[in-house]
Amino acid sequence: MKKVTLLVLLLLIITSCHENEDQTIVQKIAEANGIQNFEDVKELRYTFNVRVDDTLRTSRAWTWRPQVKTATLTTPDSTASYNYETEASQHEAVDQRFINDQYWLLFPFHLVWDEMEWEHTEQATAPISGEEMQRVTVKYPDGAGYTPGDMYEVYFGNDYMIQEWVYLSGGSRENPLATTWEDYDVFEGIAIAKMHRSEDGSFELFFTDVEVVTE
């Protein structure tokens, strides 16, 4: 019986290793950040903030209910709710903000949610820290979403957690935006980087009042 049990355990370990080897690098990044727990999320609440040169330029609060495909935006001046699958065209301005803000919040999940082209480089120099990391270069196809052709250079360690990235609007290298991914916290099994800042600190995009509610 002990031999049979040991054989079963060895087979499970070997199968698990093979499954992990079969995963793409973007799947590994998404799983390291907890995408497997997203299906249990009933509600996400967070405030998206942007500070430039010590001035708070943007602060807007969201309540996102992914199971029913609704989002509610709350600003100091108004509140708007909509179904982002069926009513996006009627609420385009709100939808653009929702896509942008939750993209920063859960970009690792978008690596497997979205249609995109990607290329993996095992050794690359991160733009801010100068450290050697792995890199995935992501390109969205023309005609995709509100910002077609966008590119991202994503830098991460052996734990598959993103540390830095470079955003290239429309794929152009004229005005690259490089920021950190830091101040990670885990909410109901989902890892979220709450702070993104430029190298000189003049730009900060950060999340406050983060809460994840599961069933």
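The structure under discussion appears in the preceding block.
None of the values given here were measured: they were computed from a predicted structure. All chains use their own residue numbering, which begins from 1 and follows the written sequence. The predicted origin of the model limits local features to residues at a pLDDT of at least 70 and limits the giving and counting of side-chain atom pairs to 80 or more, whereas totals for whole chains, interfaces and linings rest on all residues. To obtain the side-chain values, all non-hydrogen atoms of the structure were included, while hydrogens and water were left out.

J.: I'd like to hear about the overall build of the protein chain, residue by residue, with values.
T.: Here a helix means four or more residues in a row that DSSP labels H or I, a strand means two or more in a row labelled E, and each is numbered from the N terminus. Counting secondary structure elements, the protein chain contains three helices and twelve strands. When burial is assessed residue by residue, the protein chain has 41% of its 215 residues classed as buried. Pairs at least 24 residues apart make up 44% of the contacts formed inside the protein chain by residues separated by at least 6 positions. We get accessible surface area from the Shrake-Rupley algorithm with a probe of 1.4 Å; when it comes to residues, only the shown protein chains can shield them. If you sum the accessible surface of the protein chain, you get close to 12100 Å²; carbon and sulfur atoms cover 48% of it. Here's how the labels work: a residue is buried when its accessible area is under 20% of the maximum for its type, exposed when over 50%, partly exposed in between, all with a 1.4 Å probe on protein chains only. In what follows, a contact means two residues having at least one pair of non-hydrogen atoms within 4.5 Å.

J.: Please give an account of the packing of aromatic side chains that cites residues and values.
T.: A pair of aromatic rings is counted whenever rings of Phe, Tyr or Trp (Trp by its six-membered ring) have centres within 6.5 Å, and the orientation is called stacked for planes under 30 degrees apart, edge-to-face for over 60 and tilted otherwise. If you walk through the whole model with that rule in mind, you get 23 aromatic pairs. Seen from their ring centres, F38 and F109 are 6.0 Å apart, and the 75 degrees between their planes marks the pair as edge-to-face. Of this pair, F38 sits in the loop between α2 (25–32) and β1 (41–52) while F109 sits in helix α3 (residues 92–113); the two residues are 71 residues apart in sequence, bridging distant segments of the chain. Residue F109 is classed as buried on the basis of its relative accessible area, which comes to 1%.

J.: Quick rundown of the pairing of strand β10 (residues 182–187)? Include the residues and the values.
T.: Here β10 pairs with strand β11 (residues 190–197) via five bridges, running antiparallel. Along β11, the bridge assignment pairs F187 with I190. In this analysis, strands are considered paired if DSSP registers two or more bridges between them.

J.: An account of the nonpolar core is needed here, citing residue identities and associated values.
T.: Here, nonpolar core means buried Ala, Val, Leu, Ile, Met, Phe, Trp, Tyr and Cys residues that are tied together by side-chain atoms lying within 4.5 Å of each other. Judged by nonpolar contacts, the single largest core of 47 residues is most densely connected at L44, Y46, L106, F107 and Y152. With nine residues, α3 is the single largest residue contributor to this core. With residues near it in sequence (within four places) discarded, L44 still touches F38, W62, T63, W64, P66, L105, L106, E211 and V212. A124, M133, M151 and L168 belong to the second-largest nonpolar core, a separate cluster that totals seven residues.

J.: Could you give an account of the pattern of salt bridges, with specific residues and numbers?
T.: Think of a salt bridge as a Lys or Arg side-chain nitrogen and an Asp or Glu carboxyl oxygen that are within 4 Å of each other. In this structure the tally under the stated criterion is ten salt bridges. A salt bridge links R45 to E43; the shortest N-O distance between them is 2.3 Å. Each of E43, R45, R65 and E211 takes part in a single network of salt bridges with overlapping partners.

J.: I'd love a proper account of the sheet that holds strand β12 (residues 203–214), names of residues and values included.
T.: On the basis of which strands lie adjacent, the open sheet formed by seven strands has the order β4-β3-β2-β1-β12-β11-β10 and antiparallel pairing. Bordering the open sheet on either side are β4 (79–83) and β10, each of which pairs with just one other strand. Between one strand axis and the next, the sheet turns through 20 degrees on average, direction left out of account. Looking at chain direction, β1 and strand β2 (residues 55–65) are connected through nine bridges and run antiparallel. The residue bridging L44 from the neighbouring strand is W64, located in β2. In this analysis, axes come from line fits to C-alpha atoms, helices being fitted only over the stretch in contact, and the angle between any two N-to-C directions falls in the range 0 to 180 degrees. Helix-sheet contacts for α3 involve β1, β2, β3 (70–74), β4, β11 and β12, and the interaxial angle to β2 is about 70 degrees.

Take it as geometry only, folks, not as evidence of what the structure does.
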